[in-house]
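Residue strings, one per chain:
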Amino acid sequence: MSTAKRTGTPSPELHAADSHDLIRVHGARVNNLKDLSIEIPKRRLTVFTGVSGSGKSSLVFDTIAAESQRLINETYSAFVQGFMPTLARPEVDVLDGLTTAISVDQRRMGGDPRSTVGTATDANAMLRILFSRLGKPHIGPPSAYSFNTASVHASGGITVERGAAKTKTVKATFSRTGGMCTRCEGRGSVSDIDLTQLYDDSKSLAEGAFTIPGWKSDSQWTVQVYAQSGFVDPDKPIRLYTKKELQAFLYGEPVKVKVNGVNLTYEGLIPKIQKSFLSKDKEALQPHIRAFVERAVTFATCPECEGTRLTEGARSSKINRKSIADACAMEIRDLAEWVRGVKEPSVAPLLTALQQTLDSFVQIGLGYLSLDRASGTLSGGEAQRVKMIRHLGSSLTDVTYVFDEPTAGLHPHDIQRMNNLLLQLRDKGNTVLVVEHKPEVIAIADHVVDLGPGAGTAGGTVCFEGTVEGLQASDTITGRHLDDRASLKEEVRKSTRALEIRGATANNLQGVDVDIPLGVLSVITGVAGSGKSSLVHGSIPTEEGVVSIDQSPIRGSRRSNPATYTGLLEPIRKAFAKANDVKPALFSANSEGACPTCNGAGVIYSDLGMMAGTATTCEDCGGKRFDASVLEYRLGGRDISEVLAMPVTEAEEFFGTGEAHTPAAHKILQRLADVGLGYLTIGQPLTTLSGGERQRLKLATHMGDKGGVYVLDEPTTGLHLADVEQLLNLLDRLVDSGKSVIVIEHHQAVMAHADWIIDLGPGAGHDGGRLVFEGTPADLVAARSTLTGEHLAAYVGG
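Residues numbered from 1 in each chain as written. Predicted model: local features only at pLDDT ≥ 70, side-chain atom pairs only at ≥ 80, totals over all residues. Heavy atoms only, no water.

1. Quick notes on the pairing of strand β14 (residues 400–404)
A large share of β14 lies buried, amounting to 5 of its 5 residues. The alternating pattern of β14 places Thr400, Val402 and Asp404 and Tyr401 and Phe403 on opposite faces, both of which are buried. Across 4 bridges, strand β5 (residues 101–104) lies against β14 in parallel orientation. Across the sheet, residue Ala101 finds its bridge partner in β14, namely Thr400. Strand direction decides the pairing type here: β14 and strand β15 (residues 431–435), joined by 5 bridges, are parallel. Of the residues in β15, the one forming a bridge with Phe403 is Val434. (Buried < 20%, exposed > 50% of the residue type's maximum accessible area, 1.4 Å probe, protein only. Helix = DSSP H or I, 4+ residues; strand = E, 2+ residues; numbered from the N terminus. Pairing = 2+ DSSP bridges.)

Structural data, given as structure tokens:
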């Protein structure tokens, strides 16, 4: 360019490399996208809006990010690809202008008990190296400070081959020093089974001593194995067993025994219970089985390592009077200050890297966490921000960052900080794509794409793309609701009784005394990390008939759907069976009624090794999942596959009147419609639902639980502005029906609509855990004495 100025020649035209400034998507048909075409500007912040289920994640994550990842994987050799997850090409005609995509989604981090914030972010790895170099006394390499590494010692003879036929046996020893506590195996807690919940020791096995759900002494095979094993006397009360009998009964090794002429396996009761109940996902258990597991199993802090997960040796080695266990238990902002105080030139690069990681935690608003916090206990918003940490200091540019509601779980006070981080990533020359509902985030967008107009089959098209100002002026659902403000109630409900909490000290709570009013809508609020969940989930007495709907994810395979998850399929199967005088099992695609060719999956999966597998519709059942003979049976003129293809609203009408009238099914369908899921088809696989849809599906399921107190943990997560209004109406209906509703929430609309607000703070971690306000929303706005009060006042005033 400078040469052009000197010679006086005209400036050259745009360089060919600079013309690729758009991501082009043409003909996208992933999930509910309807042949969607769009152009997204690069090196800009683009926000995708639309109601829950409108296709935002399908476009951003399942199309753009997925294809970018697949193309990167294809650059590796076939050998390496064999070890990588196989990804199918998204159903799209053209995807052009893609850059390397880094997805930062809200999926919970691994629930493995050995996974912590420190291990997930490599901060633990750096600390282990630091202590192995500077810790006094020196106890060994970094593995000696790892609670995931057990100590191993071995010795013996090994055969060494030398030359053509010369072999020599030599003695060899091997040892590895690990930091894992041997008692709890690095978990920090030990589980104990309450034997009184398994059997009544005053009875014999013949008298029905077992109190385990489903174990009946007269016909149950499992019980007969114990009674006829020969290891115990079936007619003797369990409390009279000898020490040998009790050992065999509780802890016996697996062994073959003959029961009624059949060879079966006998094993001790404790390992049997662990395999039958404790190894399964608690969420997937039936309610009565889940209740049994919660009663029978107790978890206590490991007495040997005091919950640190580490051996005594690892805890004895210290730097500046702190062991690695002490360092991991500190709040990260305090740990960052401690690391600054470690001055040692020989490990300077390590200290710099560790300092940057810890400072990133503080910068992103997670300074209140500790490195020993189990990663499975983080909320969706916290997990997403933890994943952001490794990208904040990255020198990479021209990368596409994809975020899924990065403000989930954030107090209004913290949203500005998150906005600054998104802008910081963009200003480094990156493309930032954000799926978001919050007006505060939409406001900073360079480009907005609004999908809709509805959800599910009613969505999947682009309703608007352009500037934020253009969106506000548009007639889309998002445009109309962008400036919505819930107003304070003129008159709040009065409570007649309250849940008393006294001296709450769970996690960071500092002896909180509070009365949560019942019979009204109560909102618990405060900045992230102030102690809201600790107060509600850790301090409310369970005997009050509490129905808790937390943020734990819904788990389910591609065979699971809203009908199976909510229990709706059970009354539907029975109604079909009664109308046709056959067995209910015929109307299950996972049982006798399944198409024999595809085993009830509806599709045939082909594994192509390193290439992505293919799924083709089953030719025999045409994707209907059922055997042809089953589809001849009808209820109200419809077969079972047609019923499962119905949207909730149509199914509600179908089972509400006429020949198909089924009150049990109708009641569940009403709940699904109440939470705004009327557009979902009842047989739609759970794997295709968005985060907001899953949250509301969980809410609909628990609305049928018996209990007078409902506890909801951030129910607005994943909800569009228009859906928040529907949620508020639902909460009002619950309260008006005589229920008490307690909501942990940051959304100002829910706060403004509350009858009573309890505000915790003033900060996070050890700066929080105190009651800073309790009263009506109007009083909080008038006082403006807390961060929440200031933001709520600005919200209702605007």
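2. Concerning the packing of aromatic side chains
A full pass over the atoms with the stated rule returns 14 aromatic pairs. When the ring of Tyr241 is compared with that of Phe249, the centres are 5.6 Å apart and the planes differ by 90°; the resulting orientation is edge-to-face. Taken as a pair, Tyr241 and Phe249 share a single burial class, namely buried. The interplanar angle of 85° and the centroid separation of 5.0 Å between the aromatic rings of Phe654 and Phe655 together place this pair among those described as edge-to-face. Overall, Phe655 belongs to the buried group, its relative accessible area being 0%. Each member of the aromatic cluster is reached from another via a ring pair, and the members are Tyr199, Phe210, Tyr226, Phe231, Tyr241, Phe249 and Tyr266. (Phe/Tyr/Trp six-rings, centres within 6.5 Å; stacked < 30°, edge-to-face > 60°.)

3. Some remarks on the sheet that holds strand β1 (residues 22–28)
Read across the sheet, 3 strands follow the order β2-β1-β4 without closing on themselves; strand pairing throughout is antiparallel. With one partner strand each, in any of the chains shown, β2 (36–41) and β4 (94–96) form the two edges of the open sheet. Across this sheet, the average inter-strand angle for adjacent strands is 5°, counted without regard to direction. The sheet contact formed by β1 and β4 spans 3 bridges and is antiparallel. Along β4, the bridge assignment pairs Val25 with Leu95. (Axes fitted to C-alpha atoms, helices over the stretch in contact; angles between N-to-C directions.)

4. Brief notes about the nonpolar core
Ranked by size, the top nonpolar core spans 70 residues in total, and within it Leu127, Leu130, Leu335 and Phe403 carry the most contacts. Setting aside its immediate chain neighbours within four residues, Leu130 contacts Gly135, Ile319, Val347, Leu350, Leu351 and Leu354. Counting residues in hydrophobic clusters, the runner-up holds 67 residues, among them Ala486, Ile554, Ala575 and Ala660. (Core = buried A, V, L, I, M, F, W, Y, C linked by side-chain atoms within 4.5 Å. Contact = heavy atoms within 4.5 Å.)

5. Topic: the sheet that holds β15
The mixed open sheet is built from 6 strands, whose spatial order is β5-β14-β15-β3-β16-β17. Bordering the open sheet on either side are β5 and β17 (461–466), each of which pairs with just one other strand. This sheet shows a mean twist of 15° between the axes of neighbouring strands, independent of strand direction. Of the strands in this sheet, β3 (45–49), β14 and β15 touch helix α15 (residues 412–427), which is tilted by about 150° from β15.

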